[in-house]
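These are the residues of each chain, in order.
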Amino acid sequence: MTRFRSGRAAVAILSSIVFVLSILYLFPLYWMVVGSFTTVAGTLKVPPDFFPNPVVLGNYGSLLNDSGIVTWFKNSVVVGCLSTILAVGTSASAGYALGMMRFPGSNVIFGGVLLTMLVPSAVTVIPLFLVMHALGWVDSYQGIIAPGIAYAFGVFLVRQFTHTLPTEIFDSARVDGAGEVRLFWSIVVPLLRPALAAVGIFAFFSSWNDFLWQLVVINSDSLKTLPVGLASLVFSSGATNNTLIPLAEVMAGATIAFVPMLIAFLLLQRQFLDGVSAGAVNGI
Amino acid sequence: MAPFLLPFVVFVLWPIIAAILSSFQRVGYISRTWVGLANYAAVLTDNISLQAFWNTGVLVVWVVPLETILSLAIAVVVVRLSRRWQSYFRVAFYVPVVASSVILSLIWLWLLNPVYGLFDQFLGIFGVAHVDWLGQVNTALYAVMFVLLSTSLGIPIIVFIAGLNAVPREVLEAAKIDGATWPNELRYVSLPLMRPVIGFILVVTTIGTSQVFAVVELLTKGGPASSTETVVYQIWERAFALNDLGFASALSVLLLLITLVAAVVQVRTLGRVRYD
């Protein structure tokens, strides 16, 4: 990065401010972990302890015994994995077709995909629910997963990525007699791997963190996912914003939902962060 | 194409069309009757719905500029730093996004508690007495806004950092040789080049903010006295608590229209978002 003479001192001061901001920004998550290891009395203490004293595991114990957190976790994993596999599959095939092939209507389809990305997902919650009702999929795994199969953002990402691929490879493979299916599996998919990794990560996370749709489509306890289950932990206490909420347990549950995602994010941060900016920044 | 097109049509395209159709109908699970504009008339004369549109508007008007300006300011500073610090900041600001708004709302439910919440005790140091931020008509919406800001800076910051890093080196070198100071470089070189990126972020944050649901459902349930009622929360209540699907569809279509108009205006004023 080019440095400007007048900028040095200013950068030092401003970056300290940004650093403090980043700590404040992360603080609620630290507080969640602290709360999860604190006694119930400790979470209500004024002034609070900034490190749990004593460190207790009781919240996790009672959560595992009294709530459905094991089921919620399992459901979130199953739903997340299935949605990811399906979304990656459809994004790979459709993104490749839209990016590399010219066929009648391809521009119309891509335009449609882009437009649907602008439609707030809340707009379609009701008709989607009616579709699931007609299919008999309300309160089922299929019902939770189905809306994520056609992942417009994934198609968009893959289609953009195909423009960076060398077309000569495809031509020479065709000359060598590879059929379109063979070409797709042995050449296109491996080349698309970075884009597909990003699509997979986003599909998994949006499923893991989805709230509105899962709240709408899930009725029975045995199908609850982590977000829906954690919310029910708050509401089953029959109160919002008062002392009846089992705070320490809720914090333990939130920590259980958060930690796997944090680990995945830290391991895959490149794909993650590059994926976030991929759609927005090009052509400057 | 087919494995994508079939679910795309059934689960994405058709629901959008169906939402528009249902907004002109009285909708039951089995039968539908055309009622013309009756649902819209009902929405526009319903005080809670109007309140919900107003509140959503207030949220967008505050959160979108604040989020954009704050994250742009942070990004502008961060791109000056070494690679290592850049990646620290990208990760630090993105972690709350990974945690999701459900988890953060649960934490804020505790932090904002008027008796033993940390936020209140912190303000107590400055002599501010116990305030039930989420429980008062005149503060609840601002509390929701604050929680939203505390969860949503990650994506704009990442995008702005990438955008600023994509400004060609030669351009910056040239500015430097011409004696440009840092503020001048930002004002005349980097930020003008960033216009499409800023436009993209404005559109994305507008759509995101107008869809607020989890924070409201978990922190206030629209209360007290409808003061944090938002459009999406109303859609959910009308459709699934009160079973009025036609009314809720009219709300959805109005939300769609308003977001699309806002998106078009923002993109037009700031330059096109380029897709290839």
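About the cut-offs
- Residues numbered from 1 in each chain as written.
- Chains lettered and ligands numbered in written order.
- Predicted model: local features only at pLDDT ≥ 70, side-chain atom pairs only at ≥ 80, totals over all residues.
- Heavy atoms only, no water.
- Domains from an automatic or database assignment.
- Buried area = accessible area lost by both parts, 1.4 Å probe.
- Polar contact = N/O pair within 3.5 Å; in protein donor to acceptor, adjacent residues only side chain to side chain.
- Helix = DSSP H or I, 4+ residues; strand = E, 2+ residues; numbered from the N terminus.
- Nonpolar A, V, L, I, M, F, W, Y, C, P; charged D, E, K, R; others polar.
- Buried < 20%, exposed > 50% of the residue type's maximum accessible area, 1.4 Å probe, protein only.
- Contact = heavy atoms within 4.5 Å.
- Salt bridge = Lys/Arg side-chain N within 4 Å of Asp/Glu carboxyl O.
- Expected span 1.5 Å × (residues − 1).
- pLDDT = per-residue confidence, 0-100.
- Axes fitted to C-alpha atoms, helices over the stretch in contact; angles between N-to-C directions.
- Parallel < 35°, antiparallel > 145°, perpendicular 65-115°, else oblique.
- Left-handed = near helix turned anticlockwise from the far one by under 90°.
- Phe/Tyr/Trp six-rings, centres within 6.5 Å; stacked < 30°, edge-to-face > 60°.
- Lys NZ or Arg CZ within 6 Å of the ring centre and 35° of its normal.
- Patch = residues over 30% accessible without salt bridge, like charges linked within 9 Å, V, L, I, M, F, W, Y side chains within 5 Å.
- Areas by Shrake-Rupley, 256 points an atom, 1.4 Å probe, with all protein chains shown as cover.

A. Representation of the domain arrangement of chain A within the structure. Residues and elements named next belong to chain A. Taken as a whole, chain A is organised into domain 1 (7–61) and domain 2 (68–278). Between the C-alpha centres of domain 1 and domain 2 there is a distance of 31 Å. Taken together, both faces of the contact between domain 1 and domain 2 bury some 820 Å²; the carbon and sulfur share is 84%. The largest per-residue losses of area from domain 1 upon contact with domain 2 belong to M32, N59 and Y60, which jointly make up 55% of the total buried on that side. On inspection of domain 1 and its partner domain 2, the count reaches zero residue pairs in polar contact (both at pLDDT 80 or more). Of all the elements in the fold, those that place two or more residues in the side of domain 1 that touches domain 2 are α1 (7–36), α2 (40–43) and α3 (58–66). Considering each element in turn, the side of domain 1 that touches domain 2 owes the most residues, five residues, to α1. Looking at side-chain class alone, the side of domain 1 that touches domain 2 contains five nonpolar, five polar and no charged residues.

B. Looking closely at unusual backbone geometry. Residues and elements named next belong to chain B. One non-glycine residue with positive phi stands out, namely S226, at about 60°. Within the secondary structure, S226 is located in the loop between α11 (214–219) and α12 (231–241). Residue S226 is classed as buried on the basis of its relative accessible area of 18%.

C. Spatial organisation of the interface of chain B and chain A. In this complex, chain B contributes 105 residues to the contact, which on the side of chain A involves 107 residues. Carbon and sulfur atoms make up 79% of the surface buried where chain B meets chain A, a total of about 9100 Å² over both sides. Between chain B and chain A we count zero salt bridges in total. Seen at the junction of chain B and chain A, the total is eight residue pairs in polar contact (both at pLDDT 80 or more).

D. View of the pattern of salt bridges. Residues and elements named next belong to chain B. In total, this model carries four salt bridges over all chains according to the counting rule given. Of the charged contacts in the structure, one is a salt bridge between R238 and D46, with a shortest N-O distance of 3.1 Å. Here the residue R238 occupies a position in helix α12, and D46 occupies one in the loop between α2 (38–44) and α3 (47–78), the gap between them amounting to 192 residues. The pair formed by R238 and D46 is uniform in burial state, with each residue classed as buried. In this structure, E217 and K221 form a salt bridge, with 3.3 Å as the shortest nitrogen-oxygen distance. E217 sits in the buried class, given a relative accessible area of 4%.

E. α12(B), seen in detail. Burial analysis of α12(B) places eight of its eleven residues in the buried class, the great majority of the element. Contact partners of the buried residues in α12(B): α6 (125–135) and α12 (212–217) of chain A together with α3, α11 and α13 (245–270) of chain B. After α12(B) finishes, the residue B:N243 shows a positive phi value of roughly 60°.

F. Focus on helix α5 (residues 106–118) of chain A. Across its 13 residues, α5(A) extends 19 Å between first and last C-alpha, which sits within 8% of the 18 Å expected from 1.5 Å per residue. Taken as a whole, α5(A) has its buried residues at A:S106, A:I109, A:F110, A:G112, A:V113, A:L114 and A:T116.

G. View of the confidence of the model for chain A. Put simply, chain A has an average pLDDT of 85, and 92% of its residues get 70 or more. Here helix α15 (residues 269–278) of chain A stands out as the least confident element of chain A, with mean pLDDT 76; helix α7 (residues 141–145) of chain A is the most confident, with 94.

H. Main features of the packing of helix α9 (residues 167–175) of chain A against helix α10 (residues 180–191) of chain A. Residue and element names in this part refer to chain A. With their axes 11 Å apart at the nearest point, α9 and α10 run at an angle of 150° to one another. Taken as axis vectors, α9 and α10 run roughly antiparallel relative to one another. As α9 packs across α10, the resulting crossing turns out to be right-handed. Taking contact as the criterion, the partners of I169, F170, A173 and R174 in α9 are, on α10, E180, L183, I187, V188 and L191. For the contact of α9 with α10, the class distribution of residues is seven nonpolar, no polar and two charged.

I. Region of interest: the packing of aromatic side chains. For the coordinates displayed, the defined rule picks out 33 aromatic pairs over all chains. Taking the centre distance of 5.3 Å and the plane angle of 90° together, the rings of B:W108 and B:F146 count as edge-to-face. In this pair, B:W108 sits in helix α4 (residues 83–111) while B:F146 sits in helix α6 (residues 140–152), placing the two residues 38 residues apart along the sequence. Under the relative-accessibility criterion, B:W108 is labelled buried at 6%. Linked through ring pairs, A:F19, A:Y25, B:W85, B:Y88, B:F89 and B:F93 together constitute an aromatic cluster. The ring of A:F110 has A:R159 sitting right over it, with the charged end atom 3.8 Å from the ring centre. Note that B:R238 overlies the ring of B:F247, its terminal NZ or CZ placed 4.1 Å from the centroid.

J. Region of interest: the side chain of B:T209. Residue and element names in this part refer to chain B. With respect to the helices, strands and loops of the structure, T209 is situated in helix α10 (residues 195–209). Judged by relative accessible area, T209 falls into the buried class, the value being 5%. Each residue touching T209, except ones within four places of it in the same chain, is listed here: L59, V60, V63, V64, E67 and L148.

K. Spatial organisation of a nonpolar patch on the surface. On the surface, A:I13, A:L14, A:I17, A:F19, A:V20, A:L21, A:I23, A:L24, B:L70 and B:W85 cluster together to form a nonpolar patch covering roughly 880 Å² of accessible area. Per-element accounting of the nonpolar patch gives the leading share, eight residues, to α1(A). Tracing the backbone through its elements, the reader meets A:F19 in helix α1.

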